[in-house]
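One letter stands for each residue in the lines below.
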Amino acid sequence: MKKNKKNICIVGLGFVGSAMMLSIANSKKINQNVIGIEVPNDKGLEIVKKLNAGIFPIKTEDKKLIKLCSRLAKYKKYECTTELSFLSSAEIILIDINLDILNIEKKDPHVDFKNFQDNIKKIVDYSNPKSLYILQTTVPPGTTEKFVKPVIHQHLLKNNININNIRLAYSFERVMPGKNYLNSIINNWRVVGGINDKSTKDAVIFFKKFINYKNFPISILPNITSTEMAKVIENSYRAVNIAFIEEWSRLSESLNIDIYKIINSIKIRPTHNNLSRPGFGVGGYCLTKDPLFGKITSKYIINKKLDFPFSEKAIQINRKMPFETLKLIKQNIDKIRKKKIAIFGISYKEDVGDLRQSPSIFLAKRLKQMQAHLVGFDPFINNIDLFDKIYNTDLPNFKNLDVIILAVPHKIIINLRYDKLIKRKTLLIDSFNILTDKMKDKLLKKGIKIISIGKGNG
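## Quick word on helix H12 (residues 359–369)
Owing to its 3.6 residues per turn, the α-helix brings residues three or four apart onto one side. Taken residue by residue, H12 has Pro 359, Ser 360, Ile 361, Leu 363, Ala 364 and Leu 367 as its buried positions. On its buried side, H12 packs onto helix H11 (309–332), strand S11 (340–344), strand S12 (373–377) and strand S14 (403–406). The N-terminus of H12 is capped by Ser 358, whose side-chain oxygen sits 3.2 Å from the backbone nitrogen of Ser 360. Gln 371 occupies a position one or two residues after H12 and carries a positive phi of about 65°.

The structure is reproduced here in structure tokens:
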């Protein structure tokens, strides 16, 4: 890092921050030092160590991202640290820290605004008061105005700077940590809102230095709160869409008809082409919590009692999705106790190693309580104590399996030759329409019982 240059600091090197840092460091239009900052705990130190060695810390199938990390580290295009002191020379600070929901399964879900604000204060106290702060964390609408802006105002006053000169913007991420991980940072639509015109303008100028804005134009909203709400509505809509199809999947199974063919016939209409398809469950960091942010804003930020029945119900329906598979197991085998049950796919999303709110984990815990012998198979996950035996890229022994659940459509799971691998009568539950009609015919001839989510019995 060159000492005579200012810094661009990315605080928080998780699924968003780490890929964001590499995207910025790879741009020829960036003239500042690029610094990634993590918390000084065991996990943070491990992330810093890996990134500085050119090893991307999150398992992914995105070979471009893996190669980019190695190349940029080799040529010292970025540096990672746990030292907040680098913020004092920062022109731009991107904030990618978490704001989690507490009591999400209870009647009073809320977020720890105090802890979030304390973390913001730590960042701001070390920073140059003239920095442009860009928050990317998904938050309840109104959070930046109420909990971030006052901290920066106090910092400006302490340094004898007019509070009207504050530079603060919000721009949410749309990161998809799969095979298009890097692409989802660079080639994706950005939405930007600032605390004032200067903040908005400076943030847009910054993003244009590494975002493909010509093909993916940047949307500018009139203020930060509007931008925060855009992310929450976007994710809430997706959650409601998934819950809607989940309800109709149950009817489709009962009638023994194929909901996938029905959906495909509807999706021909351009107005309906984003209709969701059935699945095993909803996981990840966003869809499992973001629909509750409207209610949290209502209660804790604006002190009004507003109802969000669709959003809340979507969370409830989606949370129960894995247990529909449990019902199917109960209906089709004598007893679960001591049965060997294999879950193929442990992460929450295809071709990523992300376990956050994984539906497979929820189901595995329940099956474990019922004394099933669990086998897990996922090429992206190293080890989970829940399973009697966990495999990486090695397949389990199919001989003694009583139930196989195809829970995540990893590429390797889609391409397996189940007709060659399964040697005995087994209950096979296809949660993502993975099996082709040809494969199903071969399995049915071998006496394999197949249940497809949204289709009914094979």
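## Things to note about the sheet that holds strand S8 (residues 168–170)
Ordered by their spatial adjacency, eight strands build an open sheet running S3-S2-S1-S4-S7-S8-S9-S10, and the pairing between neighbours is mixed. Either end of the sheet is taken by a strand with one partner, and the two such strands are strand S3 (79–81) and strand S10 (219–220). Note that strand S1 (residues 7–11) and strand S2 (residues 33–37) share five bridges and pair parallel. Directly across from Ile 10, in S2, lies its bridge partner Gly 36. Relative to strand S4 (residues 90–95), helix H4 (residues 113–126) is tilted by about 160°, and along the sheet it contacts S1, S4 and strand S7 (132–135).

## Some thoughts on a nonpolar patch on the surface
On the surface, Phe 244, Trp 248, Leu 251, Leu 255, Ile 257, Ile 262 and Ile 266 cluster together into a nonpolar patch covering about 620 Å² of accessible area. For the nonpolar patch, the secondary structure elements donating two or more residues are helix H8 (224–255) and helix H9 (259–267). Ranked by the residues each element gives to the nonpolar patch, the list is headed by H8, at four residues. By the secondary structure assignment, Leu 255 is in helix H8. Here Leu 255 falls in the exposed class, since its relative accessible area comes to 53%.

## Focus: the packing of H4 against helix H5 (residues 143–158)
At a closest axis distance of 10 Å, the pairing of H4 and H5 adopts a crossing angle of 35°. Every pair of crossing elements has a handedness; the one defined by H4 and H5 is right-handed. Across the interface between the two elements, Phe 113, Phe 116, Gln 117, Ile 120, Lys 121, Val 124 and Asp 125 of H4 pack against Thr 143, Lys 146, Phe 147, Val 148, Val 151, Ile 152, Gln 154 and His 155 of H5.

## Looking at H8
When the terminal C-alpha atoms of H8 are compared, their 48 Å separation across 32 residues agrees well with the 46 Å that a helix rising 1.5 Å per residue should span. Its side-chain oxygen at 3.4 Å from the backbone nitrogen of Thr 225, Asn 223 defines the N-terminal cap of H8. Just downstream of H8 lies Asn 256, where phi reads positive at about 60°.

## Some words on the nonpolar core
Ranked by internal contacts, the top residues of the largest apolar core, which has 42 residues, are Ile 24, Tyr 78 and Phe 206. Elements with a contribution of two residues or more to this core: S1, helix H1 (17–25), helix H2 (42–52), helix H3 (63–74), S4, S7, helix H6 (181–186) and helix H7 (197–207). Residues Leu 87, Phe 147, Val 232 and Phe 293 belong to the second largest nonpolar core, which totals 39 residues.

## A closer look at unusual backbone geometry
Unusually for a residue other than glycine, Lys 338 sits at a positive phi of about 70°. By secondary structure assignment, the location of Lys 338 is in the loop between H11 and S11. On the basis of relative accessible area, Lys 338 is assigned to the exposed category, the value being 53%.

## So, the pairing of S4
S4 sits mainly inside the fold: five of its six residues count as buried. Inspection of the sheet shows S1 paired to S4 by five bridges, in the parallel sense. Paired with Val 11 across the strands is Ile 95, a residue of S4.

## Considering the packing of aromatic side chains
Considering all chains together, one arrives at eight aromatic pairs under this definition. A centroid spacing of 4.8 Å and a plane angle of 75° characterise the contact between Trp 189 and Phe 216, whose relative ring orientation is edge-to-face. Here Phe 216 lies in the loop between H7 and S10 and Trp 189 lies in the loop between H6 and strand S9 (191–194), a separation of 27 residues in the sequence. In this structure Trp 189 comes out as partly exposed when scored by relative accessible area, which is 46%. Relative to Phe 377, the ring of Phe 344 has its centre 5.2 Å away and its plane inclined at 65°; by these criteria the two rings are edge-to-face. Here the residue Phe 344 occupies a position in strand S11, and Phe 377 occupies one in strand S12, the gap between them amounting to 33 residues. We classify Phe 344 as buried; its relative accessible area is 0%. An aromatic cluster of three or more residues is present, and its members are Phe 206, Phe 207 and Phe 210.

## Here we look at the pattern of salt bridges
Tallying each qualifying case throughout the model produces 19 salt bridges. Across the pair Glu 324 and Lys 327 runs a salt bridge, and its minimum N-O distance is 3.6 Å. Taken together, the residues Glu 324 and Lys 327, both in helix H11 and three residues apart, mark about one turn of the helix. Here Asp 354 ties to Arg 356 by a salt bridge, and the two come within 2.7 Å at their closest N and O atoms. Note on Asp 354: relative accessible area 1%, which makes it buried. Connected through shared salt-bridge partners, Glu 246, Arg 250, Glu 253, Glu 324 and Lys 327 make up one network.

Conventions used here
- Residues numbered from 1 in each chain as written.
- Predicted model: local features only at pLDDT ≥ 70, side-chain atom pairs only at ≥ 80, totals over all residues.
- Heavy atoms only, no water.
- Buried < 20%, exposed > 50% of the residue type's maximum accessible area, 1.4 Å probe, protein only.
- Helix = DSSP H or I, 4+ residues; strand = E, 2+ residues; numbered from the N terminus.
- Contact = heavy atoms within 4.5 Å.
- Polar contact = N/O pair within 3.5 Å; in protein donor to acceptor, adjacent residues only side chain to side chain.
- Pairing = 2+ DSSP bridges.
- Axes fitted to C-alpha atoms, helices over the stretch in contact; angles between N-to-C directions.
- Patch = residues over 30% accessible without salt bridge, like charges linked within 9 Å, V, L, I, M, F, W, Y side chains within 5 Å.
- Areas by Shrake-Rupley, 256 points an atom, 1.4 Å probe, with all protein chains shown as cover.
- Salt bridge = Lys/Arg side-chain N within 4 Å of Asp/Glu carboxyl O.
- Left-handed = near helix turned anticlockwise from the far one by under 90°.
- Expected span 1.5 Å × (residues − 1).
- Core = buried A, V, L, I, M, F, W, Y, C linked by side-chain atoms within 4.5 Å.
- Phe/Tyr/Trp six-rings, centres within 6.5 Å; stacked < 30°, edge-to-face > 60°.

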